[in-house]
Structure formats: C-alpha cells, structure tokens
Amino acid sequence: MATEKRRPTIIDIARKAEVSFKTVSRVLNENPRVGADLRSRVLKAMAELDYQPNLAARSLAGRRGYAIALLVDGSEFFREDDANAYFSPYLVDLQAGALIACRQQGYHFFVEPYDFTAEGWAGALRAQLSRIALDGVMLAPPSADRLPLLDALDDLNIPYIRFAPGLERERSPCVASDEYGGARAMAEHLLALGHRRIGLIGGPQDHIAAAVRVVAFQEAVQGRAEVVFHPGDFTFEGGLVAGDALLAGDDRPSAIFATNDFMAAGVVTAATRRGLKVPQDVSIGGFDDSAVVRFLWPPLTTVRQPIRKMAAAAVDYLVAQASGRELPAREVELASELVVRESTGAV
C-alpha cells in the first residue's frame, strides 16, 4: 500500500524561508505588521513546497473560543476492559492546575484524548479539533514529543505549549521542572544514608523525561554505588513486577528509586508481600509527589514537581498569546524539590 505523502506544515515553511513559525502564521492571517521582504520569502517558500493552507482551520483559528485543551494519549481511554484502565496521577494534577488557571482567566478547559495507536489517527484528530474553536493546546509527555502530532497542530494553525519536551525543544514554548536536578537529589539522599546497591526503575521507552531521570540518577551515583536497573512503564502493576524482580534474590538492593510515584507504590506492595519492612529492610523513593503518595504507608520520600504551577504557567502563556498581551518567557523551568518522608532510612 502506497504511503500517503506528508503535507508540508508551517514549520516546514518557516525553515525554508528562514523565519519563525509565528511569521508564517502572520502571513497566512494577512497580518499587516509583517514586512514586505519577510512576506515575500514566506510566499516563495509556500509556492516551492506546494503548501495548501487548511482554510477551515484558519477560519477556526481566527475565532476566539476562550478555550484551552489538554491533548492526552487516549489509548487507555478506548480500552474495553475498564478494570485495567490507567489514569496517570501526573495528568490528574496537570488537569486540576489547568482547570483552576483557566477559570481564573475566564477560559473553558477541555481534555481531548486521541488514540495514537489507531490507524489514521492524525486525520481523525484534525477533524476532532476542527470542530472546536481553541485558543491553544497543551501537550504532556509522551505526546509532547510526538512530532506527527506537532505537524498536525501546525497544519491546523493551533498554538500549543509542551510540558518537558525532549525533541525539537525550540519548536514551541515549553514548561518543565528540573527533572535532572530532582533525580540527582534523590541519588545524593540515598547515598548519604549509606546505600551502595540501589535498584533503579525506568519509565516508558517513549517518555524522554523519564529517561532524563534515569541518566541523572546514574551519573550521580557512578563510582559511588552499584545500580541495578529494571525497565518500567509508570504504572502500579509495572512497579509491582519490577519490585518483585529486584527483591527476589539474596543480593537484593538496600534501596530502590522508581522514576514515578505509581511505580514506587507498586514496589512498596511488592516489599510488603515478601515480608520486608520499609525502610528497615529496603528504602523506597519515587518521583512527582502526586496524590497517590497520600495513600501509602509509610509516607513516600519523593521528588516534588510543581505540577499545578506548571499548568498555570502554560495557561498564562496561551492566554497572553491569544489576547495579544506581552508574552511571558518562552521557556520556563520550575524548581523540583526532594521531599524526605518515612520510606527511606539508613542502611
């Protein structure tokens, strides 16, 4: 079956014309502030790439809808087995922060799931978003690094901001926390407690922010402790499997760092099932400081991301962009914080 040729986007036009994507957008919307030379370069690039603007999308984008959407990978939303549905605590906190910020600024807030695994997902998403007058879209990992998704949004001329992107960071505004510093802080904490054999549970393969946490932790402990790595998937079940594997042998690690709280909860359960006490027999740390830690015993040592503040910063940027106000910083990185609780202790 022949592969459908990818349609050029405004990012392609911007690169060819050597201008910003905002300049291309202004040319498409006939903004009089664009100089004649820039306009000529953009129009020439459009002709050379045979760019055909989406007129319906342009009309939609020119209409203020006072609405912002969070696009999430919705493959789990469409599963028939509700018992195994998984909802990320990170996304729950992100939604709460975005909803509060949108209401404070008089905006509507939507959560729009899309099924990245479905055939023809890009076309379905274009049709889905073309029915809503959006002033902007927010993208969380791993959606923040799905380049075909960014191409679709560029083609629809919908502004977007990404959380913790790892690819083509300069392509859009972004908000992140100090993932690298947070993971290093966890490493230093466990080393200071005397742990010299430490389990490390990674995240999904397409989640670049999780990979940053893994690399930061490994670099911090290099030459100072042995790291036993196990892959993970950010789910409770994944943490349970990884915890069972790490704690099965006689040479089990004295501490385990899971790169998110949901997996850390699974490790706590795995330890408890084996009759191990936390932290006397094994110290356990997580990442995010999400709502799930409130239901764990002992209370979880973790790295706090200011998730709601990140959502508020993203909403503020999109609202400023839509209303023509002076834009905040294009890239925002908020500090992370090690929160020490009772799940970690000295060897």
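Here, the structure is the one placed above.
Conventions adopted
Residues numbered from 1 in each chain as written. Predicted model: local features only at pLDDT ≥ 70, side-chain atom pairs only at ≥ 80, totals over all residues. Heavy atoms only, no water. Axes fitted to C-alpha atoms, helices over the stretch in contact; angles between N-to-C directions. Helix = DSSP H or I, 4+ residues; strand = E, 2+ residues; numbered from the N terminus. Parallel < 35°, antiparallel > 145°, perpendicular 65-115°, else oblique. Contact = heavy atoms within 4.5 Å. Nonpolar A, V, L, I, M, F, W, Y, C, P; charged D, E, K, R; others polar. Core = buried A, V, L, I, M, F, W, Y, C linked by side-chain atoms within 4.5 Å. Buried < 20%, exposed > 50% of the residue type's maximum accessible area, 1.4 Å probe, protein only. Pairing = 2+ DSSP bridges. Patch = residues over 30% accessible without salt bridge, like charges linked within 9 Å, V, L, I, M, F, W, Y side chains within 5 Å. Areas by Shrake-Rupley, 256 points an atom, 1.4 Å probe, with all protein chains shown as cover. Salt bridge = Lys/Arg side-chain N within 4 Å of Asp/Glu carboxyl O. Right-handed = clockwise from strand over helix to strand, strands pointing away. Expected span 1.5 Å × (residues − 1). Phe/Tyr/Trp six-rings, centres within 6.5 Å; stacked < 30°, edge-to-face > 60°. Lys NZ or Arg CZ within 6 Å of the ring centre and 35° of its normal.

Caption draft 1: Region of the structure containing the packing of helix 2 (residues 21-28) against helix 3 (residues 36-48). Between helix 2 and helix 3, the shortest axis-to-axis distance is 10 Å and the interhelical angle comes to 85°. Comparing their axes, helix 3 and helix 2 come out roughly perpendicular. Counting all contacts with helix 2, which are made through Thr-23, Val-24, Val-27 and Leu-28, the residues of helix 3 involved are Leu-38, Arg-39, Val-42, Leu-43 and Met-46. Classifying every residue of the contact of helix 2 with helix 3 by side-chain character gives 7 nonpolar, 1 polar and 1 charged.

Caption draft 2: Local environment of the nonpolar core. The biggest cluster of nonpolar side chains holds 24 residues, and the ones touching the most others in it are Ile-68, Leu-70, Tyr-90, Leu-94, Met-138, Phe-163 and Val-315. Taken together, the elements giving at least two residues each to this core come down to strand 1 (67-73), helix 5 (89-104), strand 4 (160-163) and helix 12 (307-323). The element that contributes the greatest number of residues to this core is helix 12, accounting for 8 residues. Ignoring anything within four residues of it in the chain, the contact list for Val-315 reads Ile-68, Ala-98, Ala-101, Cys-102, Gln-105 and Met-138. Core analysis: the second largest hydrophobic core is formed by 23 residues, Ala-264, Ala-271, Val-282 and Leu-300 among them.

Caption draft 3: Quick peek at the sheet that holds strand 2 (residues 108-114). The strand order 2-1-3-4-5-11 describes an open sheet built from 6 strands, whose pairing is parallel. Each edge of the open sheet carries a strand with a single partner, namely strand 2 and strand 11 (331-334). Neighbouring strand axes in the sheet, compared pairwise and without regard to direction, differ in orientation by 20° on average. When strand 3 (residues 136-139) meets strand 4, the two strands line up parallel, connected through 3 bridges. Note on strand 4: the bridge partner recorded for Leu-139 is Arg-162. Lying over the sheet, helix 5 contacts strand 1, strand 2, strand 3 and strand 4, oriented at roughly 150° with respect to strand 2.

Caption draft 4: Up close: a nonpolar patch on the surface. Where nonpolar side chains cluster on the molecular surface, the patch consists of Tyr-180, Val-212 and Val-215 and spans about 210 Å² of accessible area. As for its placement among the helices and strands, Tyr-180 is situated in helix 8 (residues 179-192). Residue classification places Tyr-180 among the partly exposed residues on the basis of a relative accessible area of 34%.

Caption draft 5: Highlighting the pairing of strand 6 (residues 197-201). Strand 6 sits mainly inside the fold: 4 of its 5 residues count as buried. Alignment of strand 6 against strand 7 (residues 226-230), held across 5 bridges, turns out to be parallel. Bridge pairing in strand 7 places Leu-200 opposite Phe-229. Regarding the hand of the β-α-β motif, the stretch spanning strand 6, helix 9 (residues 208-221) and strand 7 is right-handed. Sheet analysis places strand 6 next to strand 8 (residues 255-258), joined by 4 bridges and oriented parallel. Residue pairing in the sheet places Leu-200 in a bridge with Phe-257 of strand 8.

Caption draft 6: A look at helix 2. Within helix 2, 6 of the 8 residues are buried, leaving the element largely enclosed by the surrounding structure. Among all positions in helix 2, only Phe-21, Thr-23, Val-24, Ser-25, Val-27 and Leu-28 are buried.

Caption draft 7: Highlighting the pairing of strand 8. Covered by surrounding structure in strand 8 are Ala-255 and Phe-257 together with Ile-256 and Ala-258, the residues of both alternating faces. For strand 8 and strand 9 (residues 283-285), the ladder comprises 3 bridges, and the chain directions are parallel. Considered in strand 9, the bridge of Ala-255 is made with Ser-283. As a crossover connection, the stretch from strand 8 through helix 11 (residues 261-273) into strand 9 is right-handed.

Caption draft 8: Local environment of helix 12. The end-to-end C-alpha distance of helix 12 is 25 Å, a good match for the 24 Å that 17 residues give at a rise of 1.5 Å each. Among the residues making up helix 12, those that are buried are Ile-307, Met-310, Ala-311, Ala-314, Val-315, Tyr-317, Leu-318, Val-319 and Ala-320. Two residues or fewer after helix 12 comes Gly-324, characterised by a positive phi angle close to 80°.

Caption draft 9: Structural context of the packing of aromatic side chains. One pass over the structure, following the stated rule, counts 5 aromatic pairs. With centroids separated by 6.5 Å and ring planes inclined at 85°, the aromatic side chains of Tyr-114 and Phe-116 adopt a geometry described as edge-to-face. Taking relative accessible area as the criterion, Tyr-114 reaches 3% and is therefore assigned buried. Ring plane angle 50° and centroid distance 4.9 Å describe the contact between Phe-116 and Trp-121, whose orientation is recorded as tilted. Above the plane of the ring of Phe-116 lies Arg-146, whose end atom (NZ or CZ) is 3.9 Å from the centre.

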